[in-house]
Amino acid sequence: MILTESLSKRFPRVTALDRLTLDIGSGVTGLVGANGAGKSTLIKILLGLAPASGGRAEVLGLDVGTEGPAIRARVGYMPEHDCLPPDVSATEFVVHMARMSGLPPTAARERTADTLRHVGLYEERYRPMGGYSTGMKQRVKLAQALVHDPDLVLLDEPTNGLDPAGRDDMLDLIRRIHSDFGISVLVTSHLLGELERTCDHVVVIDGGALLRSSSTTDFTRSTATLAVEVTDSDEHPDGIGALREALEARGVRTEDGGAGLPGAGRILLLTADGDATYDLIRDTVAGLGLGLVRMEQRRHHISEVFRHDDR
Ligand SMILES: Nc1ncnc2c1ncn2[C@@H]1O[C@H](COP(=O)(O)OP(=O)(O)OP(=O)(O)O)[C@@H](O)[C@H]1O
């Protein structure tokens, strides 16, 4: 769906994209990065709205440098910022956008009604948008991105400004864009956690460069964490401390997981690296003469993976 090769964008004082190479397939893909990481810049280049300074990119097999109009005919775009005329109704606006995309008048009206219903706007769609809540405005922006039945939509921070319930509704809608209509989605966010349940694939950029690109399940599976709890002994009154020291001496990075359940001891967290890690823990605990209370796998959340990477 999207291919970039060493794509760069330099502004006079900042490099917004730094030799970014990506290969994004169909489905729902999250593009994650802090504010200023280069997400919006990438989207504008992919739409053919801004030129790259170096490298190349293709969307749906079309070159972004020369085939912008053809790309925009088949791709929907939901911009980040509020861009809706306040004195126009959602229906008028989305019909207008559908007509701009080349739909004839009747088809534009029908598609508008269907799309606004799909995003959850009903009677309100005839009222001027100036009186809309942020959630309603985001829905209109999403509807205008979908109205011409694109193959791919690029959604720039669609959950921005929404409360938790509104954010959940928007994420459900995004998921359904793909499951109900087969439209692929690239969605940006600076909130890692929210992409975990929405996206099949996650791409992370930082300072315009690629930090990581993998399927959501790989992301969480590859960083499975083991939680270990042991008993203390006369020789080692701080059992978990002794285990931690012994494992660190063997090159295993560990983390204090704090107290377990009330009445239970402290927990040690470490990254599992296949069966060898289990064997090493078992042998180390036995060697120290401690009792193994539990050793269990915890699934990481994406946001924790990043806290990990940041250190
Ligand atoms: N037209 C421009 N002129 C100069 N610098 C720009 C321009 N557009 C973006 N930048 C800079 O490029 C960097 C990347 O910006 P971009 O908007 O792509 O980031 P982002 O990840 O989308 O962040 P945000 O979510 O805050 O929009 C930032 O440092 C920004 O200040």
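Whatever comes next refers back to the structure up there.
Remember, predicted model here, so these are calculated numbers, not experimental data. (Residues numbered from 1 in each chain as written. Predicted model: local features only at pLDDT ≥ 70, side-chain atom pairs only at ≥ 80, totals over all residues. Heavy atoms only, no water.)

### Here we look at the site of the ligand
Selection rule: Residue proximity to a molecule or strand is established when one non-hydrogen atom of the residue lies within 4 Å of it. Pairs of N or O atoms are called polar contacts if they sit within 3.5 Å, as long as, within protein, a hydrogen donor faces a hydrogen acceptor (for residues adjacent in sequence, only side-chain-to-side-chain pairs). Here, Shrake-Rupley sampling with a 1.4 Å probe gives the accessible areas, and only protein chains in the shown set may cover a residue. Each helix is a run of DSSP H or I of at least 4 residues and each strand a run of E of at least 2, with the numbering of both proceeding from the N terminus. Gly is put with the polar residues, along with every residue not named as nonpolar or charged; the nonpolar set is Ala, Val, Leu, Ile, Met, Phe, Trp, Tyr, Cys and Pro, and the charged set is Asp, Glu, Lys and Arg.
Near the ligand there are 13 residues, and of these Gly-36, Gly-38, Lys-39, Ser-40 and Thr-41 occur at the shortest range. A distance of 2.7 Å is found between an oxygen atom of the ligand and a backbone nitrogen or oxygen belonging to Gly-36. Here the ligand loses 61% of its free accessible area of 630 Å² to cover by the protein chains. Of all the elements, helix α1 (residues 39–46) adds the most residues to the shell around the ligand, at three residues. The residue inventory of the shell around the ligand, partitioned by class, reads five nonpolar, five polar and three charged.

### Things to note about the environment of Asp-151
Quick note on the threshold: Contacts: residue pairs with any heavy atoms within 4.5 Å of one another.
With respect to the helices, strands and loops of the structure, Asp-151 is situated in the loop between α5 (134–146) and β7 (152–155). Each C-alpha atom of the pair Asp-151 and Val-75 lies 6.0 Å from the other, and the pair is 76 residues apart in sequence. Not counting residues up to four positions away in its chain, the partners in contact with Asp-151 are Leu-60, Arg-74, Ile-183 and Ser-184.

### Notes on helix α9 (residues 239–249)
Given 3.6 residues per turn, any residue in an α-helix points the same way as the ones three and four places further on. Where we set the bar: Categorising residues by exposure relies on relative accessible area from a 1.4 Å probe, with only protein chains included: less than 20% of the type maximum marks a residue as buried, more than 50% marks it as exposed, and the intermediate range marks it as partly exposed.
Among the residues of α9, Gly-239, Ile-240, Gly-241, Ala-242, Leu-243, Ala-246 and Leu-247 are the ones counted as buried. Positive backbone phi, approximately 85°, marks Gly-251, located one or two places after α9.

### What about the sheet that holds strand β10 (residues 209–215)?
Hydrogen bonds between backbone groups are what pair the strands of a sheet, and the pairing can be parallel or antiparallel. Selection criterion: Two strands form a pair only when DSSP identifies at least two bridges running between them. To obtain each axis, a line is fitted to C-alpha atoms, and for helices this fit is confined to the stretch in contact; angles are then taken between N-to-C directions over 0 to 180 degrees.
Pairing is mixed across the open sheet formed by six strands, whose spatial order is β6-β7-β8-β3-β9-β10. Strands with a single pairing partner mark the edges of an open sheet, and in this sheet they are β6 (75–78) and β10. Ignoring strand direction, the axes of neighbouring strands in this sheet form an average angle of 15°. Alignment of strand β9 (residues 201–206) against β10, held across six bridges, turns out to be antiparallel. Each residue of the ladder has a partner; that of Val-204, found in β10, is Arg-212. Contacts from α1 reach β3 (28–32), β6, β7, β8 (184–189) and β9, with the element oriented near 150° to β8. Where helix α6 (residues 164–181) meets the sheet, it contacts β3, β6, β7 and β8, and its direction lies at approximately 155° from that of β8.

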